[in-house]
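Observations on the three-dimensional arrangement
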Amino acid sequence: MVHLSRICYRKYGNLVDNLRLYVRGGSGGMGLPRLGGQGGKGGDVWMVSKKEVTLKRIKDKYPHKRFIGELNAEGDRLLVAKGGQGGSFHSAFTPSKGQTKHIRLDLKLIADVGLVGFPNAGKSSLLTVISHASPQIANYAFTTLRPEIGKVMYEDHKQISVADLPGLIEGAHLNKGMGHKFLKHVERTKQLLFVVDVCGFQLASKTPFRSAFEAVQLLTKELELYKEDLLSKPALLVVNKMDLPGAQHRLEELQQQLQNPEEFSHLLPEDMIPRTNLAFRDVVPVSTVTGSGIDQLKLCLRQSLDEDAARVTEALHGDRLCALRQSRAAIPVWGSATSMP
(Lines give C-alpha, C1' and ligand atoms only; values in the text may rest on other atoms or scores of the structure.)
Protein backbone atom coordinates (compact mmCIF):
# COMPACT_ATOMS: atom_id res chain seq x y z
CA MET A 1 0.00 0.00 0.00
CA VAL A 2 1.34 3.41 -0.95
CA HIS A 3 0.35 6.51 1.02
CA LEU A 4 0.27 9.86 -0.80
CA SER A 5 -0.38 13.35 0.49
CA ARG A 6 0.10 16.98 -0.58
CA ILE A 7 2.62 17.78 -3.32
CA CYS A 8 5.10 20.61 -2.85
CA TYR A 9 6.33 21.92 -6.19
CA ARG A 10 8.11 24.77 -7.88
CA LYS A 11 7.12 26.07 -11.29
CA TYR A 12 7.97 28.80 -13.76
CA GLY A 13 4.91 29.76 -15.77
CA ASN A 14 3.62 26.44 -17.15
CA LEU A 15 6.91 24.63 -16.53
CA VAL A 16 7.22 22.49 -13.41
CA ASP A 17 10.78 21.21 -12.93
CA ASN A 18 10.75 20.20 -9.26
CA LEU A 19 8.51 18.09 -7.02
CA ARG A 20 8.95 17.09 -3.38
CA LEU A 21 7.09 13.88 -2.60
CA TYR A 22 6.28 11.84 0.49
CA VAL A 23 6.32 8.06 -0.02
CA ARG A 24 5.67 5.16 2.37
CA GLY A 25 5.98 1.48 1.63
CA GLY A 26 3.19 -0.85 2.70
CA SER A 27 3.29 -2.60 6.06
CA GLY A 28 3.81 -6.36 6.11
CA GLY A 29 0.86 -8.66 6.67
CA MET A 30 0.01 -10.20 10.02
CA GLY A 31 1.20 -13.75 10.62
CA LEU A 32 -1.11 -16.42 11.99
CA PRO A 33 0.42 -17.77 15.24
CA ARG A 34 -2.00 -20.70 15.58
CA LEU A 35 -1.10 -21.89 12.10
CA GLY A 36 2.57 -20.84 12.21
CA GLY A 37 1.97 -18.87 9.06
CA GLN A 38 4.07 -15.92 7.90
CA GLY A 39 2.48 -12.66 6.78
CA GLY A 40 3.08 -11.31 3.30
CA LYS A 41 5.61 -8.59 2.53
CA GLY A 42 4.33 -5.03 2.26
CA GLY A 43 4.28 -3.32 -1.11
CA ASP A 44 7.38 -1.44 -2.35
CA VAL A 45 7.18 2.04 -3.88
CA TRP A 46 8.79 2.36 -7.30
CA MET A 47 9.26 5.34 -9.57
CA VAL A 48 8.88 4.36 -13.24
CA SER A 49 9.61 6.65 -16.16
CA LYS A 50 6.90 6.83 -18.79
CA LYS A 51 6.75 8.50 -22.16
CA GLU A 52 5.00 11.90 -22.27
CA VAL A 53 4.60 12.09 -18.47
CA THR A 54 5.75 15.43 -17.01
CA LEU A 55 6.02 16.75 -13.47
CA LYS A 56 3.29 19.25 -14.32
CA ARG A 57 0.92 16.42 -15.27
CA ILE A 58 1.64 14.67 -11.97
CA LYS A 59 0.93 17.89 -10.10
CA ASP A 60 -2.29 18.49 -12.05
CA LYS A 61 -3.49 14.91 -11.51
CA TYR A 62 -2.78 14.91 -7.77
CA PRO A 63 -3.24 18.56 -6.67
CA HIS A 64 -3.85 17.67 -3.00
CA LYS A 65 -1.62 14.65 -2.57
CA ARG A 66 1.90 13.82 -1.41
CA PHE A 67 3.43 11.18 -3.18
CA ILE A 68 15.98 9.64 -6.43
CA GLY A 69 18.69 7.90 -8.86
CA GLU A 70 18.01 8.77 -12.45
CA LEU A 71 15.24 7.82 -14.86
CA ASN A 72 16.55 8.59 -18.32
CA ALA A 73 14.63 6.24 -20.59
CA GLU A 74 11.06 5.05 -20.84
CA GLY A 75 10.51 2.07 -18.55
CA ASP A 76 13.40 2.85 -16.18
CA ARG A 77 12.45 1.92 -12.59
CA LEU A 78 13.77 3.09 -9.24
CA LEU A 79 12.92 1.67 -5.81
CA VAL A 80 12.26 4.60 -3.46
CA ALA A 81 10.61 2.94 -0.43
CA LYS A 82 10.65 -0.72 0.62
CA GLY A 83 7.61 -2.45 1.99
CA GLY A 84 7.74 -3.98 5.46
CA GLN A 85 8.37 -7.66 6.14
CA GLY A 86 5.43 -9.84 7.07
CA GLY A 87 4.96 -11.24 10.55
CA SER A 88 6.76 -14.50 11.26
CA PHE A 89 7.76 -16.79 14.09
CA HIS A 90 10.99 -14.81 14.58
CA SER A 91 9.08 -11.53 15.02
CA ALA A 92 6.30 -12.97 17.16
CA PHE A 93 4.16 -12.79 14.03
CA THR A 94 4.23 -8.99 14.16
CA PRO A 95 4.71 -7.32 10.75
CA SER A 96 7.13 -4.43 10.23
CA LYS A 97 6.13 -1.10 8.76
CA GLY A 98 7.22 0.04 5.32
CA GLN A 99 9.90 2.68 4.82
CA THR A 100 8.83 6.32 5.03
CA LYS A 101 10.77 8.91 3.05
CA HIS A 102 10.61 12.43 1.68
CA ILE A 103 11.98 12.45 -1.86
CA ARG A 104 12.43 15.12 -4.50
CA LEU A 105 11.96 14.76 -8.24
CA ASP A 106 14.06 17.05 -10.40
CA LEU A 107 13.46 17.56 -14.09
CA LYS A 108 16.68 18.17 -16.01
CA LEU A 109 16.17 19.39 -19.55
CA ILE A 110 17.95 17.57 -22.35
CA ALA A 111 19.15 19.81 -25.19
CA ASP A 112 21.95 19.83 -27.74
CA VAL A 113 23.20 23.23 -26.60
CA GLY A 114 22.77 25.16 -23.36
CA LEU A 115 23.20 28.95 -23.25
CA VAL A 116 25.45 30.02 -20.38
CA GLY A 117 25.67 33.66 -19.40
CA PHE A 118 25.08 36.37 -16.85
CA PRO A 119 21.78 38.27 -16.82
CA ASN A 120 21.17 40.70 -19.68
CA ALA A 121 23.94 39.23 -21.85
CA GLY A 122 21.39 38.76 -24.63
CA LYS A 123 20.73 35.02 -24.37
CA SER A 124 16.98 35.32 -24.95
CA SER A 125 17.49 37.68 -27.90
CA LEU A 126 20.01 35.24 -29.35
CA LEU A 127 17.59 32.33 -29.03
CA THR A 128 14.94 34.38 -30.80
CA VAL A 129 17.08 35.15 -33.84
CA ILE A 130 18.52 31.64 -34.29
CA SER A 131 15.31 29.69 -33.65
CA HIS A 132 11.54 29.91 -33.63
CA ALA A 133 11.32 30.34 -29.87
CA SER A 134 9.74 33.48 -28.38
CA PRO A 135 11.22 33.98 -24.91
CA GLN A 136 10.45 37.08 -22.86
CA ILE A 137 12.90 39.91 -23.58
CA ALA A 138 13.34 43.15 -21.67
CA ASN A 139 16.07 45.62 -20.68
CA TYR A 140 16.49 44.44 -17.11
CA ALA A 141 18.54 41.70 -15.51
CA PHE A 142 16.31 38.74 -14.73
CA THR A 143 14.06 38.40 -17.76
CA THR A 144 14.43 34.63 -18.09
CA LEU A 145 12.90 32.99 -15.02
CA ARG A 146 12.24 29.59 -16.56
CA PRO A 147 14.07 27.48 -19.16
CA GLU A 148 13.08 27.95 -22.79
CA ILE A 149 14.01 25.57 -25.61
CA GLY A 150 14.20 26.64 -29.24
CA LYS A 151 14.90 24.67 -32.39
CA VAL A 152 17.51 25.84 -34.90
CA MET A 153 16.37 24.72 -38.34
CA TYR A 154 18.68 24.04 -41.30
CA GLU A 155 17.94 23.77 -45.01
CA ASP A 156 18.48 19.99 -44.97
CA HIS A 157 15.85 19.75 -42.17
CA LYS A 158 18.47 19.13 -39.50
CA GLN A 159 17.35 20.48 -36.11
CA ILE A 160 19.40 21.52 -33.10
CA SER A 161 17.76 22.15 -29.74
CA VAL A 162 19.05 25.16 -27.79
CA ALA A 163 18.09 25.81 -24.16
CA ASP A 164 17.92 29.38 -22.85
CA LEU A 165 18.41 29.09 -19.10
CA PRO A 166 18.01 31.60 -16.24
CA GLY A 167 21.05 33.88 -15.97
CA LEU A 168 23.80 33.11 -13.48
CA ILE A 169 25.20 35.49 -10.91
CA GLU A 170 28.38 35.27 -8.90
CA GLY A 171 27.82 32.66 -6.21
CA ALA A 172 25.39 30.59 -8.27
CA HIS A 173 27.16 27.39 -7.18
CA LEU A 174 26.00 28.29 -3.64
CA ASN A 175 22.44 28.57 -5.01
CA LYS A 176 22.47 32.38 -5.08
CA GLY A 177 20.16 34.01 -7.60
CA MET A 178 18.66 31.33 -9.86
CA GLY A 179 21.57 29.14 -8.72
CA HIS A 180 20.87 25.45 -8.96
CA LYS A 181 17.66 26.13 -10.92
CA PHE A 182 20.01 27.01 -13.78
CA LEU A 183 22.96 24.74 -13.18
CA LYS A 184 21.06 21.47 -12.98
CA HIS A 185 19.78 21.93 -16.54
CA VAL A 186 23.31 22.47 -17.89
CA GLU A 187 24.19 18.91 -16.85
CA ARG A 188 22.14 17.34 -19.66
CA THR A 189 23.20 19.53 -22.57
CA LYS A 190 25.69 18.11 -25.04
CA GLN A 191 27.58 21.36 -25.51
CA LEU A 192 27.80 24.78 -23.88
CA LEU A 193 27.38 28.12 -25.61
CA PHE A 194 28.77 30.95 -23.48
CA VAL A 195 27.19 34.33 -24.20
CA VAL A 196 28.86 37.54 -23.01
CA ASP A 197 28.25 41.24 -23.58
CA VAL A 198 31.26 42.62 -25.46
CA CYS A 199 31.11 45.77 -23.31
CA GLY A 200 30.92 43.86 -20.03
CA PHE A 201 28.17 44.16 -17.43
CA GLN A 202 27.28 45.28 -13.94
CA LEU A 203 24.45 43.44 -12.21
CA ALA A 204 23.66 46.22 -9.74
CA SER A 205 25.10 49.52 -8.53
CA LYS A 206 26.62 47.82 -5.48
CA THR A 207 28.29 45.04 -7.47
CA PRO A 208 31.58 45.41 -9.41
CA PHE A 209 31.69 46.00 -13.15
CA ARG A 210 32.91 42.95 -15.05
CA SER A 211 34.55 43.03 -18.47
CA ALA A 212 33.74 40.40 -21.11
CA PHE A 213 36.90 38.48 -20.17
CA GLU A 214 36.04 38.57 -16.47
CA ALA A 215 32.53 37.36 -17.33
CA VAL A 216 33.96 34.34 -19.17
CA GLN A 217 36.25 33.49 -16.27
CA LEU A 218 33.52 33.89 -13.65
CA LEU A 219 31.08 31.74 -15.63
CA THR A 220 33.77 29.08 -15.95
CA LYS A 221 34.43 29.20 -12.20
CA GLU A 222 30.74 28.89 -11.32
CA LEU A 223 30.44 25.75 -13.46
CA GLU A 224 33.67 24.39 -12.00
CA LEU A 225 32.49 24.89 -8.41
CA TYR A 226 29.07 23.37 -9.08
CA LYS A 227 30.30 20.28 -10.96
CA GLU A 228 33.75 20.21 -12.49
CA ASP A 229 32.72 17.60 -15.08
CA LEU A 230 30.71 20.30 -16.84
CA LEU A 231 33.95 21.81 -18.10
CA SER A 232 34.66 18.66 -20.10
CA LYS A 233 31.76 19.52 -22.40
CA PRO A 234 32.64 21.14 -25.75
CA ALA A 235 32.12 24.90 -25.52
CA LEU A 236 31.72 27.81 -27.91
CA LEU A 237 31.72 31.52 -27.10
CA VAL A 238 29.35 34.14 -28.47
CA VAL A 239 30.42 37.76 -28.05
CA ASN A 240 27.17 39.67 -28.29
CA LYS A 241 26.18 43.33 -28.91
CA MET A 242 28.79 43.97 -31.58
CA ASP A 243 26.64 46.85 -32.84
CA LEU A 244 27.64 49.00 -29.83
CA PRO A 245 30.29 51.76 -30.16
CA GLY A 246 33.85 50.55 -29.57
CA ALA A 247 32.80 46.89 -29.82
CA GLN A 248 35.51 45.90 -32.30
CA HIS A 249 38.30 47.21 -30.08
CA ARG A 250 36.84 45.41 -27.05
CA LEU A 251 36.55 42.20 -29.07
CA GLU A 252 40.22 42.33 -30.03
CA GLU A 253 41.13 42.92 -26.38
CA LEU A 254 39.01 39.94 -25.31
CA GLN A 255 40.59 37.66 -27.90
CA GLN A 256 44.06 38.60 -26.68
CA GLN A 257 43.06 37.92 -23.08
CA LEU A 258 41.58 34.53 -23.95
CA GLN A 259 44.84 33.50 -25.62
CA ASN A 260 46.82 34.28 -22.45
CA PRO A 261 44.34 34.10 -19.54
CA GLU A 262 47.05 33.62 -16.90
CA GLU A 263 48.44 37.09 -17.62
CA PHE A 264 45.11 38.68 -16.70
CA SER A 265 44.17 36.54 -13.70
CA HIS A 266 44.91 39.50 -11.41
CA LEU A 267 41.66 41.09 -12.58
CA LEU A 268 39.67 38.64 -10.44
CA PRO A 269 39.64 37.70 -6.75
CA GLU A 270 41.96 34.76 -6.16
CA ASP A 271 39.13 32.44 -5.11
CA MET A 272 37.26 33.13 -8.37
CA ILE A 273 40.09 32.25 -10.76
CA PRO A 274 39.18 28.97 -12.52
CA ARG A 275 41.62 26.08 -12.20
CA THR A 276 40.91 25.13 -15.81
CA ASN A 277 40.67 27.63 -18.66
CA LEU A 278 38.24 26.60 -21.36
CA ALA A 279 39.53 26.25 -24.90
CA PHE A 280 36.55 27.43 -26.94
CA ARG A 281 36.07 25.67 -30.24
CA ASP A 282 34.91 28.91 -31.81
CA VAL A 283 34.61 32.53 -30.73
CA VAL A 284 31.79 34.13 -32.74
CA PRO A 285 31.04 37.88 -32.57
CA VAL A 286 27.36 38.61 -33.22
CA SER A 287 24.73 41.30 -32.98
CA THR A 288 21.19 40.17 -32.33
CA VAL A 289 20.06 43.68 -33.33
CA THR A 290 21.60 43.77 -36.83
CA GLY A 291 21.83 40.00 -37.36
CA SER A 292 25.56 40.06 -38.12
CA GLY A 293 27.36 36.82 -37.29
CA ILE A 294 24.17 34.80 -36.78
CA ASP A 295 24.63 32.62 -39.87
CA GLN A 296 28.24 31.96 -38.88
CA LEU A 297 27.09 30.96 -35.41
CA LYS A 298 24.56 28.49 -36.79
CA LEU A 299 27.27 26.97 -38.97
CA CYS A 300 29.68 26.62 -36.03
CA LEU A 301 27.02 24.97 -33.89
CA ARG A 302 26.20 22.49 -36.64
CA GLN A 303 29.83 21.64 -37.32
CA SER A 304 30.67 21.18 -33.64
CA LEU A 305 27.75 18.83 -32.98
CA ASP A 306 28.32 16.89 -36.21
CA GLU A 307 31.99 16.38 -35.36
CA ASP A 308 31.13 15.02 -31.92
CA ALA A 309 28.43 12.77 -33.34
CA ALA A 310 30.90 11.38 -35.87
CA ARG A 311 33.42 10.65 -33.12
CA VAL A 312 30.80 8.86 -31.03
CA THR A 313 29.67 6.80 -34.02
CA GLU A 314 33.26 5.88 -34.88
CA ALA A 315 33.97 4.81 -31.31
CA LEU A 316 30.77 2.74 -31.22
CA HIS A 317 31.65 0.98 -34.45
CA GLY A 318 35.14 0.29 -33.09
CA ASP A 319 33.72 -1.24 -29.91
CA ARG A 320 31.32 -3.42 -31.87
CA LEU A 321 34.07 -4.59 -34.23
CA CYS A 322 36.31 -5.46 -31.28
CA ALA A 323 33.49 -7.40 -29.60
CA LEU A 324 32.78 -9.27 -32.85
CA ARG A 325 36.43 -10.28 -33.23
CA GLN A 326 36.56 -11.49 -29.62
CA SER A 327 33.39 -13.55 -30.06
CA ARG A 328 34.78 -15.16 -33.21
CA ALA A 329 38.05 -15.96 -31.50
CA ALA A 330 36.15 -17.72 -28.72
CA ILE A 331 34.33 -20.09 -31.13
CA PRO A 332 36.05 -23.53 -31.09
CA VAL A 333 37.14 -24.95 -34.46
CA TRP A 334 36.12 -28.58 -34.88
CA GLY A 335 37.92 -30.85 -37.31
CA SER A 336 39.52 -34.26 -37.74
CA ALA A 337 43.20 -34.95 -37.46
CA THR A 338 44.88 -37.31 -39.94
CA SER A 339 48.24 -38.94 -39.50
CA MET A 340 50.80 -39.03 -42.25
CA PRO A 341 52.13 -42.48 -43.24
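Presented here is a report on the structure given in the accompanying data block.

Rules used in this analysis
- Residues numbered from 1 in each chain as written.
- Predicted model: local features only at pLDDT ≥ 70, side-chain atom pairs only at ≥ 80, totals over all residues.
- Heavy atoms only, no water.
- Pairing = 2+ DSSP bridges.
- Helix = DSSP H or I, 4+ residues; strand = E, 2+ residues; numbered from the N terminus.
- Axes fitted to C-alpha atoms, helices over the stretch in contact; angles between N-to-C directions.
- 1 Å grid on protein atoms, 1.4 Å probe; cavity = no way out; pocket = protein on both sides within 12 Å on 5 of 7 lines; lining within 4 Å.
- Points joined across faces, edges and corners; volume = space filled by probe spheres on them.
- Nonpolar A, V, L, I, M, F, W, Y, C, P; charged D, E, K, R; others polar.
- Buried < 20%, exposed > 50% of the residue type's maximum accessible area, 1.4 Å probe, protein only.
- Contact = heavy atoms within 4.5 Å.
- Parallel < 35°, antiparallel > 145°, perpendicular 65-115°, else oblique.
- Polar contact = N/O pair within 3.5 Å; in protein donor to acceptor, adjacent residues only side chain to side chain.
- Salt bridge = Lys/Arg side-chain N within 4 Å of Asp/Glu carboxyl O.
- Core = buried A, V, L, I, M, F, W, Y, C linked by side-chain atoms within 4.5 Å.

**Things to note about the sheet that holds strand β6 (residues 113-116)**
Spatial ordering of the open sheet is given by β7-β8-β6-β9-β10-β11, a layout of 6 strands whose pairing is mixed. At either end of the open sheet lies a strand with only one pairing partner, and these are β7 (148-153) and β11 (283-285). If you compare each strand with its neighbour and ignore which way they point, the axes differ by 25° on average. Bridge count for strand β10 (residues 235-240) against β11 is 3 bridges, and the pairing is parallel.

**Some remarks on empty space enclosed by the protein**
Over the atoms, a rolled probe matching the size of one water molecule traces out where space is still vacant. Estimates place the volume of the largest cavity at around 60 Å³. Around the largest cavity, the lining residues are Phe118, Pro119, Asn120, Ala121, Val195, Val196, Asp197, Gly200, Phe201 and Ala215. Broken down by element, the residue count for the lining of the largest cavity peaks at 3 residues, all from strand β9 (residues 191-197). Partitioned by chemical class, the residues of the lining of the largest cavity number 7 nonpolar, 2 polar and 1 charged.

**Quick look at helix α2 (residues 123-130)**
Counting buried positions along α2 gives 6 out of 8 residues, so the element sits mostly inside the fold. Elements that come into contact with the buried residues of α2 comprise β6, β7, β8 (159-164), β9, β10 and α6 (294-329).

**Remarks on the packing of helix α4 (residues 212-226) against helix α5 (residues 247-259)**
Between α4 and α5, the shortest axis-to-axis distance is 9 Å and the interhelical angle comes to 40°. The angle between α4 and α5 falls in the class oblique. Contact residues: Ala212, Phe213 and Val216 in α4; Leu254, Gln257 and Leu258 in α5. Residue composition of the contact of α4 with α5, by class: 5 nonpolar, 1 polar and no charged.

**Observations concerning the environment of glutamine 257**
In this fold, glutamine 257 is placed in helix α5. Relative accessible area serves as the criterion here: at 9%, glutamine 257 is assigned to the buried category. C-alpha separation for the pair glutamine 257 and glutamate 214, spaced 43 residues apart in sequence, amounts to 9.7 Å. Apart from the residues lying within four places of it in its own chain, the contact partners of glutamine 257 are Phe213, Phe264 and Leu267.

**Structural notes on the environment of threonine 128**
Inspection of the secondary structure puts threonine 128 in helix α2. A sequence separation of 23 residues divides threonine 128 from lysine 151, and the C-alpha atoms of the two residues are 9.8 Å apart. Only 2.9 Å separates the side chain of threonine 128 from the backbone oxygen of serine 124, close enough to count as a polar contact.

**Side note on the pattern of salt bridges**
Counting across every chain of the model gives 10 salt bridges. Two residues, arginine 302 and aspartate 156, come together in a salt bridge whose shortest N-O distance is 2.6 Å. Of this pair, arginine 302 sits in helix α6 while aspartate 156 sits in the loop between β7 and β8, and the two are 146 residues apart along the sequence. Assessed through its relative accessible area of 18%, arginine 302 is described here as buried. When its relative accessible area of 46% is taken as the criterion, aspartate 156 is described as partly exposed. Among the ionic pairs, arginine 210 bridges to glutamate 214, the shortest N-O distance being 3.3 Å. A relative accessible area of 7% places arginine 210 in the buried class. Three or more residues joined by partner-sharing salt bridges are found here, namely Lys221, Glu224, Glu228 and Arg275.

**Considering the nonpolar core**
In this structure, Leu192, Phe194, Val196, Leu223, Leu237, Val239 and Phe280 are the most contacted members of the largest nonpolar core, which totals 29 residues. Residue assignment for this core shows that the elements contributing at least two residues are β9, α4, β10 and α5. For this core, the leading source of residues is α4, giving 7 residues. If we skip the residues at most four places from it in the chain, leucine 237 touches Leu193, Phe194, Val196, Val216, Leu258, Phe280, Asp282, Val283 and Val284. Core analysis: the next-biggest nonpolar cluster, separate from the first, contains 21 residues, Leu126, Val152, Ile294 and Leu301 among them.

Without other data, these values stay purely geometric and don't point to any function.
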